[in-house]
Every structure is written in structure tokens, then in C-alpha cells.
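So the chains spell out like this:
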Amino acid sequence: MQLPAVPGALAPSLLAIPVAFGINAATALADSPLALMLTGVLLLAGLISIIFFVNGGSHFQDPLFCVFVVLSFTSVADLIISLEEDGYISGFMEVYVREGEPYLRTAHGIMICYWDGIIHYGLYLAMMAAIGQRKSYRNLGLFWLGSLMMSIVVFLLGNLIGKYSSDLSPSFLLNLPYILIPLWAGVRLFQQPKALPCLSPEKVAKEQGKCLYQRPQDMGLVLVLLLTTAFTFFRGMVVLDCPADSCFEYIYQHEPYLRDPVGYPKVQMLIYLFYVLPFFCLSIYGLVLPGCSWLPDWSLVFAGAIAQAQFSHLGSSLHARTPFPYQTPEDVWWSFLLTNVLYALGPQLLAFRCLRCPAFFLPATPASRGKKHQ
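Computed from a predicted structure; not experimentally measured.

Q: Can you explain the overall build of the protein chain? Please cite residues and give values.
A: When helices and strands are counted, the protein chain shows 14 helices and zero strands. Walking the protein chain from its N terminus toward its C terminus, one meets helices and strands in the order α-α-α-α-α-α-α-α-α-α-α-α-α-α. Across the 374 residues in the protein chain, those meeting the buried criterion constitute 45%. Sequence separation of 24 or more characterises 76% of the internal contacts of the protein chain that already satisfy a separation of 6 or more.

Q: Go over the nonpolar core, please, and point to the residues and values.
A: In terms of nonpolar packing, the biggest core is built from 74 residues, with Phe 68 and Trp 144 touching the most fellow members. No other element matches helix α6 (residues 138–161), which puts eleven residues into this core.

Q: Lay out the packing of aromatic side chains in plain terms, naming residues and giving numbers.
A: The final tally for this structure, using the stated rule, is 18 aromatic pairs. Both rings, one in Trp 115 and one in Phe 311, keep their centres 5.2 Å apart while their planes meet at 45°; by these two values the pair is tilted. With Trp 115 in helix α5 (residues 107–132) and Phe 311 in helix α12 (residues 295–318), this residue pair connects regions lying 196 residues apart in the sequence. Judged by its relative accessible area of 10%, Trp 115 falls in the buried class. Assessed through its relative accessible area of 33%, Phe 311 is described here as partly exposed.

Q: Which residues make up the side chain of Ser 317, and what values do they have?
A: By the secondary structure assignment, Ser 317 is in helix α12. From its side chain, Ser 317 meets the backbone oxygen of His 313 in a polar contact 2.7 Å long. Beyond its immediate sequence surroundings of up to four residues, Ser 317 is in contact with Tyr 257, Gln 327, Thr 328 and Phe 336.

Q: Talk me through the packing of α6 against α12; I want residue IDs and the actual numbers.
A: For the pair α6 and α12, interaxial distance at closest approach is 7 Å and the crossing angle is 45°. One way to sum up the angle between α6 and α12 is to call them oblique. In this structure, the crossing between α6 and α12 has a hand that is right-handed. Listed contacts from α12 to Arg 138, Asn 139, Leu 142, Phe 143, Gly 146, Ser 147, Met 150 and Ser 151 of α6 are Asp 297, Leu 300, Val 301, Ala 303, Gly 304, Ala 305, Ala 307, Gln 308 and Ala 309. Per-class residue counts for the contact of α6 with α12 are nine nonpolar, six polar and two charged.

Q: Now, about a nonpolar patch on the surface: what can you tell me, with residues and values included?
A: Where nonpolar side chains cluster on the molecular surface, the patch consists of Leu 282, Tyr 285, Val 288, Leu 289, Trp 294 and Trp 298 and spans about 550 Å² of accessible area. In terms of residues, the nonpolar patch owes the most to one element, helix α11 (residues 264–288), which gives three residues. The residue Val 288 is located in helix α11 in this model.

Q: An account of the pattern of salt bridges is needed here, citing residue identities and associated values.
A: Enumeration over the complete set of coordinates arrives at eight salt bridges. Residue Glu 85 pairs with Arg 105 through a salt bridge whose shortest N-O separation is 3.3 Å. Pair noted here: Glu 85 is in helix α3 (residues 63–85) and Arg 105 is in the loop between α4 (94–99) and α5, with a separation of 20 residues, a long-range link. On the basis of relative accessible area, Arg 105 is assigned to the partly exposed category, the value being 30%. For the salt bridge of Asp 218 with Arg 215, the shortest nitrogen-to-oxygen distance reads 2.4 Å. By the burial criterion, Asp 218 is buried, and Arg 215 matches it. It is possible to trace a salt-bridge network through shared partners that takes in Glu 85, Arg 105 and Arg 321.

Q: How would you sum up α11? Please name residues and give values.
A: Taking 1.5 Å per residue as the helical rise, α11 with its 25 residues ought to reach 36 Å, and the 35 Å between its terminal C-alpha atoms agrees with that figure. Leu 273 marks the point of greatest bend in α11, at about 40°.

Q: Before we move on, could you go through the packing of α3 against helix α7 (residues 177–191) and cite the residues and values that matter?
A: Two quantities define a packed helix pair, namely the angle between the helix axes and the distance between the axes. Where α3 contacts α7, the axes come no closer than 11 Å and their chain directions differ by 145°. Here α3 runs over α7; the crossing is left-handed. Mapping the contact onto sequence places Pro 63, Leu 64, Val 67, Leu 71 and Thr 74 in α3 and Tyr 178, Ile 181, Trp 184, Ala 185, Arg 188 and Leu 189 in α7. Looking at side-chain class alone, the contact of α3 with α7 contains nine nonpolar, one polar and one charged residues.

Q: Before we move on, could you go through the side chain of Ser 82 and cite the residues and values that matter?
A: With respect to the secondary-structure elements, Ser 82 resides in helix α3. Among the polar contacts made by the side chain of Ser 82, one reaches the main-chain carbonyl oxygen of Leu 79 at a distance of 2.8 Å. Sequence-distant contacts of Ser 82, that is, excluding residues within four places in its chain, are made with Ile 110, Cys 113 and Tyr 114.

Q: Describe the environment of Ala 320, with residues and values.
A: Tracing the backbone through its elements, the reader meets Ala 320 in the loop between α12 and α13 (333–356). Note on Ala 320: relative accessible area 68%, which makes it exposed. Between the alpha carbons of Ala 320 and Asp 86 there is a distance of 9.4 Å; along the sequence they are 234 residues apart.

Q: Account for the confidence of the model for the protein chain, naming residues and giving values.
A: Chain-level pLDDT for the protein chain is 82 on average; 79% of the residues reach the 70-or-more range. Confidence drops under pLDDT 50 across residues 1–30; counting only partners more than four residues distant or on other chains, this segment forms seven contacts.

Q: Outline unusual backbone geometry, listing residues and values.
A: Its identity is not glycine, yet Arg 134 carries a phi of approximately 60°, on the positive side. Structurally, the position occupied by Arg 134 is in the loop between α5 and α6. On the basis of relative accessible area, Arg 134 is assigned to the exposed category, the value being 60%. Backbone geometry places Asp 241, a non-glycine residue, at a positive phi of 60°. By the secondary structure assignment, Asp 241 is in the loop between α9 (216–239) and α10 (245–253).

Definitions and cut-offs
- Residues numbered from 1 in each chain as written.
- Predicted model: local features only at pLDDT ≥ 70, side-chain atom pairs only at ≥ 80, totals over all residues.
- Heavy atoms only, no water.
- Helix = DSSP H or I, 4+ residues; strand = E, 2+ residues; numbered from the N terminus.
- Buried < 20%, exposed > 50% of the residue type's maximum accessible area, 1.4 Å probe, protein only.
- Contact = heavy atoms within 4.5 Å.
- Core = buried A, V, L, I, M, F, W, Y, C linked by side-chain atoms within 4.5 Å.
- Phe/Tyr/Trp six-rings, centres within 6.5 Å; stacked < 30°, edge-to-face > 60°.
- Polar contact = N/O pair within 3.5 Å; in protein donor to acceptor, adjacent residues only side chain to side chain.
- Axes fitted to C-alpha atoms, helices over the stretch in contact; angles between N-to-C directions.
- Parallel < 35°, antiparallel > 145°, perpendicular 65-115°, else oblique.
- Left-handed = near helix turned anticlockwise from the far one by under 90°.
- Nonpolar A, V, L, I, M, F, W, Y, C, P; charged D, E, K, R; others polar.
- Patch = residues over 30% accessible without salt bridge, like charges linked within 9 Å, V, L, I, M, F, W, Y side chains within 5 Å.
- Areas by Shrake-Rupley, 256 points an atom, 1.4 Å probe, with all protein chains shown as cover.
- Salt bridge = Lys/Arg side-chain N within 4 Å of Asp/Glu carboxyl O.
- Expected span 1.5 Å × (residues − 1).
- Bend = angle between axes of the 7 residues up to and from the residue.
- pLDDT = per-residue confidence, 0-100.

And the structure:
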């Protein structure tokens, strides 16, 4: 039986049916957070299945590969959220953000979404590529670990104590895996073997036998860390409502964002005060006395943490979503940018120094101990 031919004028209308169906389906998904979540889960499961069948499961011998696949998927969602909140795109995640996590519409929420969607996503791709090529990704993983932990801890604590604490919904619990997964991943990363440099005991002993004044680069780095330690202590006192005139002037004329009731900047400064400041002091100790083998790994963790924190703090202080009374005044922009960029640069220089010349931080060898006794 021969089917009747479709008239030419009717063909475009028939082709428009699946297009209209797709548009209506996308609109329905955007209007239903549950449907949107289920679609995301199905897409993620499909992505993992494709990777598994294409590679024969070889990549999945390292369980962190699955973690990076899942988190890279959420990074793309975070990038969409940040672009949508800044007005570059529309109609994708508006319902979810409005109904589920309204605190993502704050300047801090937008900044952490940008960081997750760009920096973390790039790290996930690099680490997955390293796993596929059987290469070590330990250093990248430690930097990512510090960055993600700083991001999620400040975000969760700020939501709990800030002005959005009364708006928390069950979707807030979706952030809990972001604490448990990095803790488990961190244990696995620290258990991975280090890439030991090929250095003779004599060279290690020679490097560890130098005093601080014989290492001008380390002297400069110690000076930078001393300044960042003082600045960390000062800003901690500022958010703790120290009555000193300098603290009062600073919080009103230089960084009024520290007074923002969202809670994120205060939590950030307190984490700096109670965790980052002791690390700076220990880092100075590790640069003065040789053999502190723990410093290279932890310098990477704190470099990632402070890079993420300073990006979010700087961006939030200048973002239009921050209420005008808490935005950084234009007349102190340059001093504000300079001090905060230098603050973020110090830990990066420390991590670079530890990776570039690791001999000073290796465990003391018999040759180096004999030289010290001489």
C-alpha cells in the first residue's frame, strides 16, 4: 500500500512538531525542580555508563575517577547558575535557585559557583586525564582538596549563622556530601606515594646545612608570611568587634563587606584566624629549620584554600549583588585589591617554593646529621 505524499506546505509543520515538543518539555523541566533533578541524575548516570563501556572500566580502577566525574557534572551546573544570576543566560536553573537554595543568589554564592564551574572543573578534567594516562595527580588533588573544603565550609557555616538561616530548606542537605566526599578523597590522596626527587644525600645535606640568611628567597618568603600573619590577626580582631580605632576605621572605610549580614565574610575571617594563622606560623618554622617533610603537602592544601577564599572575598566585595553600604568604596579599591591579592599570593609562592626545591624539606639524612654535629 502506497502512502500519500505529504504536500510541501505541510512538511515544515510536521518538522515543527518535535521541535515544539522539545521546547515544551524543556519548559516543563524548568518549572519542576523534581523533574529537573531526576533529569540531571539520569544524564549523569548515562555519562558514567558511556565512559564505562567505552574504556572497558579501566578508569574505574581508581574510585576517585568516579568522584571527579560526578563533581565535574555539578561544576557545570554551578557555572550555569552563576551565568544565569549575572544575566548572561536565563531559564535554566532559576526555579531551583529560587525555591531550593536562594543563598546562591548572593554575591558570595555567585562567586563560589564561578570558581567551581571554572577552576574546579579544569582540575577535574586534568585529574581525570592523569588517571587515564596512569600519571600522578597527587599535587593537583591536594590543591583541589583545600579549595573545595574552604568553599563548602564557609558556605555552610555562613548559611547557618547568616541572614539566610531562616530560609534553609531540605535541599540544604544536598551540600553534606560535599563535606564527606572530600574527607574521604583527602585520605586517599595523602595515602598516594609521593614523587620523590632524585637527589643525592650530599646535595640534601648541603641544602639543609644553609642558614636562613644564606637563602635570600626563603628570607623574603618568611617576611611575606609574617606580614600575612599580622594581617590575618588584624582582620580576625576586626570581625570580633575589637574596640580599637584602627579596627573601627578599617571595617567602615576599607572593607565594609566584613559587616555584611550574610555571614560569609565573618566566617571567612574567623577561619583565617583560627586555622590559617597557625599554618602560617608553622610554615615560618618549616622554612627556618630543615626536614619538615609535612610542609610541601600542606602548603598545596592551604594554597588551594586561600586562592578560593580570596577570589570569593574579592569578588563579593565588589559585586553588584552586595548591598551598596557593604561594597568596597571606590577611593580604596586599589589598596583593597593590592592587599588581598598579595595575601592570596603568599601561600602560592610557598607551595611553588616547596615543589621547586624540595631538598630542604626532605627527612634528614645521615650525611646531613653528621654535618650538623661537625
